[in-house]
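# Residue-level structure breakdown
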Amino acid sequence: MRVIVDGVGQTFRDRSGHAVEALTGVTFAVEAEELMAVVGPSGCGKSTLLNLLAGLLTPTTGRVGFEGALPAGRPATAMVFQEFALFPWRTVLGNVELGLEEAGYAKAERRRIARRWVEQTGLGGFETKYPHQLSGGMRQRVGIARALAVDPAVLLMDEPFSALDAQTRQLMQEELLALWTRTRQTIVYVTHNIHEAVWMADRVIVLSRRPGRVVEIVGVKLSRPRTETMLGDPAFLHAVERIWSLIRSEAQDALREGAA
């Protein structure tokens, strides 16, 4: 499934009724089976862009579309949030089944599918545990399994590992890349971490500060599978430096505004 974003702009009204332009003239395409990252300074509209792709918002201008056949009942997108967003009264298996339940799957079928994704995401043996009994990394695995269980054409991820400690975050990045290698799931991955974006993605969309616009799309010339040794690769360092050079001054401006 190919994602098309064509001339998208998004304007909101603040509490005073004034128009606030979050995005302007955003145009790009995500190819099928691509892992595309999105970075930019704080407040650049990264999460707004994901909400537009998910259909939670309607663009003020332009269009968001999907190219490719979508079988009946298969959703175009599913979202993994920064917050774990799990129901505390549901077990791991119950949380993973949630989207299937809402889609009307029979109990036996949704249980079969949920068990498959529990195993795929390394949660085997924890099916009957509740969220409070899991580590942060394991809770986020549940969120990923729940999103993938409904078989979306495109997986949307909004800073999914930012709440985790550094070691867990690294391990979760590796697990997601291994999962992507097995499934070739099209992914749009929002992050504020440039190193994470470059290490994981095929290309990185760099957004300007508000109103967000596409400054550049940086290709990542690293082979797959990705390994930790590539963190010192000249191609990795070049892409990181290029992205930082594009957003450094705007990130500084955003920081000064936040401190004012």
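See above for the structure.
Notes on the structure in this doc start here. (Residues numbered from 1 in each chain as written. Predicted model: local features only at pLDDT ≥ 70, side-chain atom pairs only at ≥ 80, totals over all residues. Heavy atoms only, no water.)

### As for helix 5 (residues 166-183)
Heads up, the rule is: Comment: elements are numbered from the N terminus, with helices defined as DSSP H or I runs of at least four residues and strands as E runs of at least two. What a helix is expected to span follows from its residue count: subtract one and scale by 1.5 Å. In this scheme, a residue with accessible area under 20% of its type's maximum is buried, one over 50% is exposed, and one in between is partly exposed, where area comes from a 1.4 Å probe on protein chains only. Directions are taken from the helix axis to each C-beta atom, and the arc is the one they span. The contact criterion used throughout is that any non-hydrogen atoms of two residues lie within 4.5 Å. Any pair of nitrogen or oxygen atoms within 3.5 Å is treated as a polar contact; in protein, a donor-acceptor pairing is required on top of that, and neighbouring residues in sequence qualify only through side-chain atoms on both sides.
The terminal C-alpha atoms of helix 5, which comprises 18 residues, lie 26 Å apart, in line with the 26 Å expected from a rise of 1.5 Å per residue. Listed in full, the buried residues belonging to helix 5 are Arg169, Met172, Gln173, Leu176, Leu177, Leu179 and Trp180. For helix 5, the buried positions fall inside an angular range of 160° around the axis, keeping them on one side. Buried residues in helix 5 make contact with strand 3 (35-39), helix 3 (107-120), helix 4 (136-149), strand 6 (154-158), strand 7 (186-190) and helix 6 (194-200). The distance from a side-chain oxygen at the start of helix 5 to the backbone nitrogen of glutamine 167 is 3.1 Å, and the residue carrying that oxygen is aspartate 165.

### Considerations on the environment of leucine 246
By the secondary structure assignment, leucine 246 is in helix 7 (residues 234-259). Considering only alpha carbons, one finds leucine 246 and methionine 36, 210 residues apart in sequence, at a separation of 18 Å. Each residue touching leucine 246, except ones within four places of it in the same chain, is listed here: Val206, Val215, Glu216 and Val218.

### Quick look at the pattern of salt bridges
Cut-off, in case you're wondering: Salt bridges are defined by distance alone: a side-chain nitrogen of Lys or Arg within 4 Å of a carboxyl oxygen of Asp or Glu.
Counted according to the given criterion, the structure contains 12 salt bridges. For arginine 203, the salt bridge identified is with glutamate 34, shortest N-O distance 2.6 Å. Of the two residues, arginine 203 is situated in strand 8 (residues 203-207) and glutamate 34 in the loop between strand 2 (19-30) and strand 3; the sequence distance between them amounts to 169 residues. On the basis of relative accessibility, which here comes to 7%, the residue glutamate 34 falls in the buried class. Two residues, arginine 141 and glutamate 175, come together in a salt bridge whose shortest N-O distance is 2.9 Å. Remark: glutamate 175 occurs in helix 5 and arginine 141 occurs in helix 4; sequence separation between them is 34 residues. By relative accessible area, which is 17% here, arginine 141 ends up buried. By relative accessible area, which is 31% here, glutamate 175 ends up partly exposed.

### Details of the environment of aspartate 14
Structurally, the position occupied by aspartate 14 is in the loop between strand 1 (2-13) and strand 2. A relative accessible area of 33% places aspartate 14 in the partly exposed class. In this structure the side chain of aspartate 14 is engaged in a polar contact, spanning 2.9 Å, whose partner is the backbone nitrogen of serine 16.

### Side note on the sheet that holds strand 4 (residues 61-67)
Which entries qualify depends on this criterion: We treat two strands as partners when DSSP finds at least two bridges between them. Here the axes come from fitting lines to C-alpha atoms, over the contacting stretch only for helices, and the angles between their N-to-C directions go from 0 to 180 degrees.
Across the sheet, three strands lie side by side as 2-1-4; this open sheet has antiparallel pairing. Of all strands in the sheet, those with a lone pairing partner are strand 2 and strand 4, marking the two edges. Each strand axis lies, on average, 15° off the axis of its neighbour in the sheet, ignoring direction.

### Some points on the packing of aromatic side chains
Stated precisely, the cut-off is as follows: A pair of Phe, Tyr and Trp rings is counted when the ring centres sit within 6.5 Å of each other, with Trp represented by its six-membered ring. The angle between the planes then sorts it: under 30 degrees is stacked, over 60 is edge-to-face, the rest tilted. A ring is considered to have a charge above it if a Lys NZ or an Arg CZ atom is located within 6 Å of its centre and within 35 degrees of its normal.
This structure, assessed with the given rule, holds two aromatic pairs. Ring centres of phenylalanine 161 and tyrosine 189 lie 6.2 Å apart, and the angle between their planes is 55°; on these two criteria the pair is classed as tilted. Of the two residues, phenylalanine 161 is situated in the loop between strand 6 and helix 5 and tyrosine 189 in strand 7; the sequence distance between them amounts to 28 residues. Relative accessible area serves as the criterion here: at 1%, tyrosine 189 is assigned to the buried category. Sitting over the ring of tryptophan 180, arginine 224 keeps its end group 4.6 Å from the ring centre.

### Quick notes on the pairing of strand 9 (residues 214-219)
Here five bridges tie strand 8 to strand 9, and the two strands are oriented antiparallel to one another. Each bridged residue has a counterpart across the sheet, and for leucine 207 the counterpart in strand 9 is valine 214. Taking the residues between adjacent antiparallel strands as the criterion, strand 8 and strand 9 are bridged by six residues.

### Re unusual backbone geometry
Look at the link from arginine 210 to proline 211: it is a cis peptide, with omega at -5°. Summarising the element assignment, proline 211 is placed in the loop between strand 8 and strand 9. Residue proline 225 is reached from arginine 224 by a cis peptide bond, and omega for that bond is 5°. In this model, glutamate 33 sits at a positive phi of 70°, which is unusual for a non-glycine residue. The topology assignment puts glutamate 33 in the loop between strand 2 and strand 3. For glutamate 33, a relative accessible area of 43% corresponds to the partly exposed category.

Take it as geometry only, folks, not as evidence of what the structure does.
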